[in-house]
Amino acid sequence: MDFKDSFEKLAAFIPEEERPDIGPILQAFMEEMMNPAIREWGEYQMPLMGHPKLVDFAYNDWKPWENDIVVSSYPKTGTTWLRDVCRHIIYEHDSLEFEFTKALAGPHVYLELGSEAKYELWEKLPWKRRILGTHMSAGMMNLKRLRNSGVKIIYVMRNPKDQMVSMFNMSKNLPFPRENELVRSVLPSDFNDYVQAALDGKQNMFVKKGEGYLDHILTWYAHRNDDNVLLVQYEDMKQNPAPEILKVAKFLGVNMSEDQADKIAAMTSFEATKARMQNLTVVKDFFNKGTVGKWKNHFTVALSERVDQQVEEKLAGTDIKFKYTL
Ligand code: A3P
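If you're wondering where the values come from, they're calculated on a predicted model, not measured in any experiment.

A. Up close: the overall build of the protein chain. What the protein chain contains, in helices and strands, is 16 helices and seven strands. C-alpha extents for the protein chain along the principal axes are approximately 55 × 45 × 40 Å. Counting all 326 residues of the protein chain, 57% fall into the buried class. The long-range share in the protein chain, meaning contacts at least 24 apart out of those at least 6 apart in sequence, stands at 72%. Carbon together with sulfur atoms contributes 48% to the accessible area of the protein chain, which is approximately 14100 Å² in total. Taken together, the 42 basic and 47 acidic charged side chains of the protein chain have centroids lying 2 Å from each other.

Take a look at the structure:
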């Protein structure tokens, strides 16, 4: 499905007389994609994706609803999965919400992408509780305001080697102009160069100059004890989803039995999700393998050790342990 179809499908859930014009939203997405640049918001950088105007809007002007949920992550760590898990937890018993929110698989709900008109769309959609997304690091968000408003934030992380493979695979299908110098430096087409670019801080998405995924994690790790922030790991979800789903439900204030959690685990398994959602995403082959450990097919020992070394250095002061295999 392309951007236009997906937004039109979504807007169709709003009565015609109240429906916002989706033209500016589409235009902003396309302009962003077709004009690769390192966009900046203060010290934070957004190479290729994200717009300072929207970051600013989210920070200063956005009035969240008191029951909003924001799933936050670095790209390719399981964001869509977690949003889908929340969607099952929250909307399972409301067929209208359950139906239209499945169209939210793509960039529609990211705070920092597209144009402000998207926020108007969110205001008008017939949902009682919103499940939004962001790739921003914690310092880019007005956490005090979000907390005071009652917003709950789930941060999902994944081991960096599988994250890199996932991003590398997806980057081939992103509509950026491949010949563009910045695109080539942020998303090199050779895997070894790709990993090196990530380690060198060239993929500093929503973090500061020279930083990367691990720095992104650190910004959220600093908020791990905030009562409106929950940290979740992709590998734990994969290994034993039901207890993680129960944890998420409890955090969101939803009562759930173990049987229900098992049911949701089955409905949000990789195979079920792929079958249900692959025609709804705007990026081709978005659902690739959804596994833990595929990195072993791509990394040389030397390259893998370079990642281990950076993890050891950067996460030294934390108790974060990545699982690289299950
Ligand atoms: P792979 O590329 O390894 O397959 P994000 O949503 O943050 O962009 O993350 C995308 C990754 O999550 C992809 O990983 C995708 O296949 C995986 N994913 C999506 N839904 C999943 C699910 N239900 N179970 C496991 N992995 C899932």
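B. Seen up close, the site of the ligand. Close contacts around the ligand come from 19 residues, with Thr79, Thr80, Ser166, Lys289 and Gly290 the closest. A distance of 3.2 Å is found between an oxygen atom of the ligand and a side-chain nitrogen or oxygen belonging to Lys76. Trp81 places a polar side-chain atom, nitrogen or oxygen, 3.2 Å from a nitrogen atom of the ligand. Assessed atom by atom at 2 Å from the grid points, the ligand resides in the largest pocket. Of all the secondary-structure elements, those providing two or more residues to the shell around the ligand are α4 (79-91), α12 (234-239) and α15 (270-277). The greatest single-element share of the shell around the ligand, amounting to three residues, is contributed by α4. A breakdown of the residues in the shell around the ligand according to their chemical character gives five nonpolar, ten polar and four charged.

C. The arrangement of the layout of surface pockets in detail. For the largest pocket, the calculated volume is near 830 Å³. Mapped onto the lining of the largest pocket, the elements with two or more residues apiece are α2 (23-34), α4, α8 (160-171), α12 and α15. By residue number, the principal contributor to the lining of the largest pocket is α8, which donates five residues. Tallied by class, residues from the lining of the largest pocket come to 21 nonpolar, 16 polar and eight charged. Along the walls of the second largest pocket sit Val311, Glu312, Leu315, Ala316, Thr318, Ile320, Lys321, Phe322 and Tyr324, which together make up its complete lining. For the lining of the second largest pocket, the class distribution of residues is six nonpolar, one polar and two charged.

D. View of the environment of Asn148. Counting through the fold element by element, Asn148 comes out in helix α7 (residues 143-149). By relative accessible area, Asn148 is classed as exposed at 62%. Each C-alpha atom, one on Asn148 and one on Thr300, is 47 Å from the other, the two residues being 152 residues apart in sequence.

Reading guide: rules and limits
Residues numbered from 1 in each chain as written. Predicted model: local features only at pLDDT ≥ 70, side-chain atom pairs only at ≥ 80, totals over all residues. Heavy atoms only, no water. Helix = DSSP H or I, 4+ residues; strand = E, 2+ residues; numbered from the N terminus. Buried < 20%, exposed > 50% of the residue type's maximum accessible area, 1.4 Å probe, protein only. Contact = heavy atoms within 4.5 Å. Areas by Shrake-Rupley, 256 points an atom, 1.4 Å probe, with all protein chains shown as cover. Lys, Arg positive; Asp, Glu negative; His and termini not counted. Charge placed at Lys NZ, Arg CZ, Asp CG, Glu CD. Near = heavy atom within 4 Å. Polar contact = N/O pair within 3.5 Å; in protein donor to acceptor, adjacent residues only side chain to side chain. 1 Å grid on protein atoms, 1.4 Å probe; cavity = no way out; pocket = protein on both sides within 12 Å on 5 of 7 lines; lining within 4 Å. Sits in = over half its atoms within 2 Å of the grid points. Nonpolar A, V, L, I, M, F, W, Y, C, P; charged D, E, K, R; others polar. Points joined across faces, edges and corners; volume = space filled by probe spheres on them.

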